[in-house]
Amino acid sequence: MLGQINAVANLAVKDLGRAKTFYERTLGLKEVDHMDEDVSVLKSGDTVINVYRSEYAGTNKATAVTWAVGGKIDRLVEELRAKGVTFEHYDMPDVRLEGDVHVFGDLRVAWFKDPDGNILNLINQ
């Protein structure tokens, strides 16, 4: 039923202006709509991400958004690091760390956080 319809990620933030700066300037997304001063709709590929002001910002301790970037992962990690993004390092069984990229066999993943602590990642799929 919903398998052919794009889904939308929703990210809670405390300071919408600070979040927009991160998502637009650091990650390169573009605002395509907004709802008053409470929601910014940002274009990412064929989908959008709703970034909205909430008192619950930063309470999610799991990955909120994943970008499947294929073979571009190492280049994108370098570009984001040059823009000041700090990558997370997790201690997981049977995983090795190559710089800021976690390697699980052929799978490569890099995790980072937005200014409100939302966990985001890049994956080589």
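Definitions and cut-offs
- Residues numbered from 1 in each chain as written.
- Predicted model: local features only at pLDDT ≥ 70, side-chain atom pairs only at ≥ 80, totals over all residues.
- Heavy atoms only, no water.
- Pairing = 2+ DSSP bridges.
- Helix = DSSP H or I, 4+ residues; strand = E, 2+ residues; numbered from the N terminus.
- Axes fitted to C-alpha atoms, helices over the stretch in contact; angles between N-to-C directions.
- Contact = heavy atoms within 4.5 Å.

- Looking up the chain in an unreviewed UniProt entry gives the name VOC family protein, with the organism given as Aminobacter carboxidus.

Focus: the sheet that holds strand 1 (residues 9–13)
Thinking step 1. If you walk across this open sheet you meet the four strands as 1-4-3-2, and the pairing is mixed. Looking along the sheet, the strands with just one partner apiece sit at the ends: strand 1 and strand 2 (30–35). The average undirected angle you get between the axes of adjacent strands in this sheet is 25°.
Thinking step 2. With six bridges joining them, strand 3 (residues 39–44) and strand 4 (residues 47–53) adopt antiparallel strand pairing. Of the residues in strand 4, the one forming a bridge with Ser44 is Thr47.
Thinking step 3. Lying over the sheet, helix 1 (residues 16–26) contacts strand 1, strand 2, strand 3 and strand 4, oriented at roughly 5° with respect to strand 3.

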